[in-house]
Amino acid sequence: MSMSPPVPANRPPSDISAGVGLCGVAGLLFWLMVCREWPAIVDAFGLPGPRAKLDGANAALLALLFSGVPMVLWSLLVDKVHRRPSTGIDWDNPKPLREIAQISITKIAGLWATWALIAFIYCLGRWYWRGPYLFAMDMLEIAGPVMIVLSVPYVLWLDRVLVEPRDGAWHFGAMLLGREPFSKAEVAHHLRGWAVKGFFCAFMISILPMGFMGVVAFDWNAAWHLGPVVMTNVMIETMFMIDVQIAMVGYLLTMKPLDAQIRTANPYLGGWVAALICYPPFILMGGGDVLDYRPHSAEWDYWLAGHTTLLWVWGATMVILTAIYAWATVAFGLRFSNLTYRGILTNGPYAFTRHPAYLSKNSFWWLTSMPYLATSGSMVDVIRNTVTLGLVSGVYYWRAKTEEKHLLAADAKYREYHAWMAEHGLITAPLTRLGRLLWARRSALAR
């Protein structure tokens, strides 16, 4: 019989401090204000150019700089993450260049081959060449040559201070060059990590401008006069914009000097399936798809129309849920990405539940979509939509369990956190006790 891990007396400390994400949000909001007030700034300083808000795609990309730089500075100057043993770096004993040159060449070959493989997959994927993905492809086409050029000095510099420079990229390069023994496990780890970056970076870049542009262009001065529905929708859009911007920085800065490297990518097929069916082109929740819960339905503002107070209360609840969702991303700081282990997060909303993003997102969908009401008046539509949204929530429960399986195997600290939350987490503990009670009753009935 397996033994449950002992429950620690205190919640384990987080590998990511709260200050990292907060600095990123502060920088992002500063740039957002600059973009909105650009006409006044032009007048005040006599700058050339049009007197218009900076609500274009380039401004959205620059927002990554304004959110990313403060997070990097906080990580290095305050948290001093570059000095942590988990980086695998020994700054005090750099190796001679001649000692690591051959290793670096093999690693660069592995990196370049990896990027070529990702580019080839982009070429094969028809969906990457239409709609919002066209913007992502344009940006990656510009970034590609820059990455190739900068990778050479970066790898040579980093390999001098890495305790073990033969990482996954080196093993992949060694496999391709066929000159030295390599580890298949390291190659698999390397390819899984870059599969995550390749898939999600393209998606995140494609959705990056839309939310930012909408928040910048919105007339906030008139917001309160436009009613609860408009105010709720723009606040929700703002929360999602913060989420996307901070998450995008996390995907881009998977770097060992920041202790933000991908330590492992989820090795379980179920984890990948559960995650990928939530994103295009594999998404099952879109209009007309298998898990579409919206046919013959209407959203919250339709059903609550004419009830102003209720609209404000309902809208405020949805804003709070999206704020929790954004907070769950912000808490990761530089380390957000799907399907990866990049350190253990135990503070912020993760002090209350192990999966605040999934819990808040699904609660939001139940409130905004209201599948238990149908415009057709058909009970069949009500049952179908309610059950389907229940299945969508089930997918996120599946994602949560596959993520826990990955992290439980990867880090003893997560096992301690998992055990502590089961007993003391404000939300997790009652749900755990309820699950144990239901399981005990089921076992008793089965006897």
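Because the structure is a prediction, the values reported are computed rather than measured.

A word on the nonpolar core. In this structure, Phe 212, Met 248, Tyr 251, Leu 334 and Val 392 are the most contacted members of the largest nonpolar core, which totals 95 residues. If one sorts the elements of this core by residue count, helix 7 (residues 184-217) sits on top with 13 residues. The contact partners of Met 248, leaving out residues within four places of it in the chain, are Leu 64, Cys 201, Met 204, Ile 205 and Leu 208.

So, about empty space enclosed by the protein. The tally for this structure, following the rule as stated, stands at two cavities of 30 Å³ or more. The volume enclosed by the largest cavity comes to roughly 80 Å³. What lines the largest cavity is Asp 15, Ile 16, Ser 17, Val 20, Ser 75, Asp 79, Val 81, Arg 84, Leu 258, Phe 332, Leu 334 and Arg 335. Split by residue class, the lining of the largest cavity holds six nonpolar, two polar and four charged. Considering only enclosed or pocket space, the second largest cavity measures out at about 40 Å³ in volume. Together, Phe 240, Leu 321, Thr 322, Tyr 325, Ser 360, Lys 361 and Phe 364 line the second largest cavity. For the lining of the second largest cavity, the secondary structure elements donating two or more residues are helix 11 (308-330) and helix 12 (356-369). For the lining of the second largest cavity, the residue count by class is four nonpolar, two polar and one charged.

This paragraph deals with helix 9 (residues 269-276). Inspection of helix 9 places Gly 271, Trp 272, Ala 274, Ala 275 and Leu 276 among the buried residues, and these make up the whole buried set. Lining the buried residues of helix 9 we find helix 7 and helix 13 (379-410).

What follows is about the pattern of salt bridges. Oppositely charged side chains may form a pair once their charged atoms are brought near each other. As enumerated under the stated definition, the model contains 14 salt bridges in all. For Asp 92, the salt bridge identified is with Arg 83, shortest N-O distance 3.5 Å. We classify Asp 92 as exposed; its relative accessible area is 56%. Between Asp 292 and Arg 294 there is a salt bridge, and its shortest N-O distance comes to 3.4 Å. Overall, the relative accessible area of 12% leaves Asp 292 in the buried class. Linked through salt bridges whose partners overlap, the residues forming this network are Arg 84, Asp 259, Arg 263 and Arg 335.

Let us look at the environment of Ser 378. With respect to the helices and strands, Ser 378 occurs in the loop between helix 12 and helix 13. For Ser 378, a relative accessible area of 24% puts it in the partly exposed group. For the pair Ser 378 and His 296, spaced 82 residues apart in the sequence, the C-alpha separation amounts to 8.8 Å. Polar contacts involving the side chain of Ser 378 include one to the main-chain amide nitrogen of Val 380, which spans 3.2 Å.

Okay, the packing of helix 8 (residues 228-252) against helix 11 next. Contact geometry of helix 8 with helix 11 gives a least axis separation of 9 Å together with a crossing angle of 5°. Regarding the angle of helix 8 to helix 11, the classification is roughly parallel. For the pair formed by helix 8 and helix 11, the contact residues are Pro 228, Val 229, Met 231, Thr 232, Met 235, Ile 236, Met 239, Phe 240, Ile 242, Asp 243, Ile 246 and Ala 247 on the first element and Thr 308, Leu 311, Trp 312, Gly 315, Met 318, Val 319, Thr 322, Ala 323, Tyr 325, Ala 326, Thr 329 and Val 330 on the second. Here the contact of helix 8 with helix 11 is composed, by residue class, of 18 nonpolar, five polar and one charged.

Let us now look at unusual backbone geometry. With an omega of 5°, the peptide bond between Pro 280 and Pro 281 qualifies as cis. Its identity is not glycine, yet His 296 carries a phi of approximately 55°, on the positive side. By secondary structure assignment, the location of His 296 is in the loop between helix 9 and helix 10 (300-303). Of note in this structure, Leu 339 is not a glycine but carries a positive phi near 60°. By the secondary structure assignment, Leu 339 is in the loop between helix 11 and strand 2 (340-341). We classify Leu 339 as buried; its relative accessible area is 6%.

Time to look at helix 3 (residues 57-78). Given a rise of 1.5 Å per residue, 22 residues ought to cover 32 Å, and the 32 Å separating the end C-alpha atoms of helix 3 matches this to within 8%. Taken together, the buried positions of helix 3 are Ala 59, Ala 60, Ala 63, Leu 64, Ser 67, Gly 68, Met 71 and Ser 75. Looking at the buried residues of helix 3, the elements they touch are helix 1 (18-36), helix 7 and helix 8. Of the residues flanking the end of helix 3, it is Lys 80, one or two places downstream, whose phi is positive at about 50°.

Position of Asn 385 among the secondary structure elements: in helix 13. By relative accessible area, which is 1% here, Asn 385 ends up buried. The residues contacting Asn 385, other than those within four sequence positions of it, are Tyr 293, Arg 294, Pro 295, His 296, Ser 297 and Pro 371.

This paragraph deals with the packing of helix 14 (residues 412-424) against helix 15 (residues 428-446). The N-to-C vectors of helix 14 and helix 15 enclose an angle of 80°; their axes lie 5 Å apart at closest approach. One way to sum up the angle between helix 14 and helix 15 is to call them roughly perpendicular. Where helix 14 abuts helix 15, its residues Met 421, Ala 422, Glu 423 and His 424 lie against Thr 428, Ala 429, Thr 432, Arg 433 and Arg 436. A class-by-class count of the residues in the contact of helix 14 with helix 15 yields three nonpolar, three polar and three charged.

With that settled, the discussion passes to the environment of Tyr 325. With respect to the secondary-structure elements, Tyr 325 resides in helix 11. Sequence spacing of Tyr 325 and Met 239 is 86 residues, and the spatial spacing of their C-alpha atoms is 8.0 Å. Ignoring anything within four residues of it in the chain, the contact list for Tyr 325 reads Phe 240, Asp 243, Ala 357, Ser 360 and Lys 361.

So, how was this worked out
Residues numbered from 1 in each chain as written. Predicted model: local features only at pLDDT ≥ 70, side-chain atom pairs only at ≥ 80, totals over all residues. Heavy atoms only, no water. Core = buried A, V, L, I, M, F, W, Y, C linked by side-chain atoms within 4.5 Å. Buried < 20%, exposed > 50% of the residue type's maximum accessible area, 1.4 Å probe, protein only. Helix = DSSP H or I, 4+ residues; strand = E, 2+ residues; numbered from the N terminus. Contact = heavy atoms within 4.5 Å. 1 Å grid on protein atoms, 1.4 Å probe; cavity = no way out; pocket = protein on both sides within 12 Å on 5 of 7 lines; lining within 4 Å. Points joined across faces, edges and corners; volume = space filled by probe spheres on them. Nonpolar A, V, L, I, M, F, W, Y, C, P; charged D, E, K, R; others polar. Salt bridge = Lys/Arg side-chain N within 4 Å of Asp/Glu carboxyl O. Polar contact = N/O pair within 3.5 Å; in protein donor to acceptor, adjacent residues only side chain to side chain. Axes fitted to C-alpha atoms, helices over the stretch in contact; angles between N-to-C directions. Parallel < 35°, antiparallel > 145°, perpendicular 65-115°, else oblique. Expected span 1.5 Å × (residues − 1).

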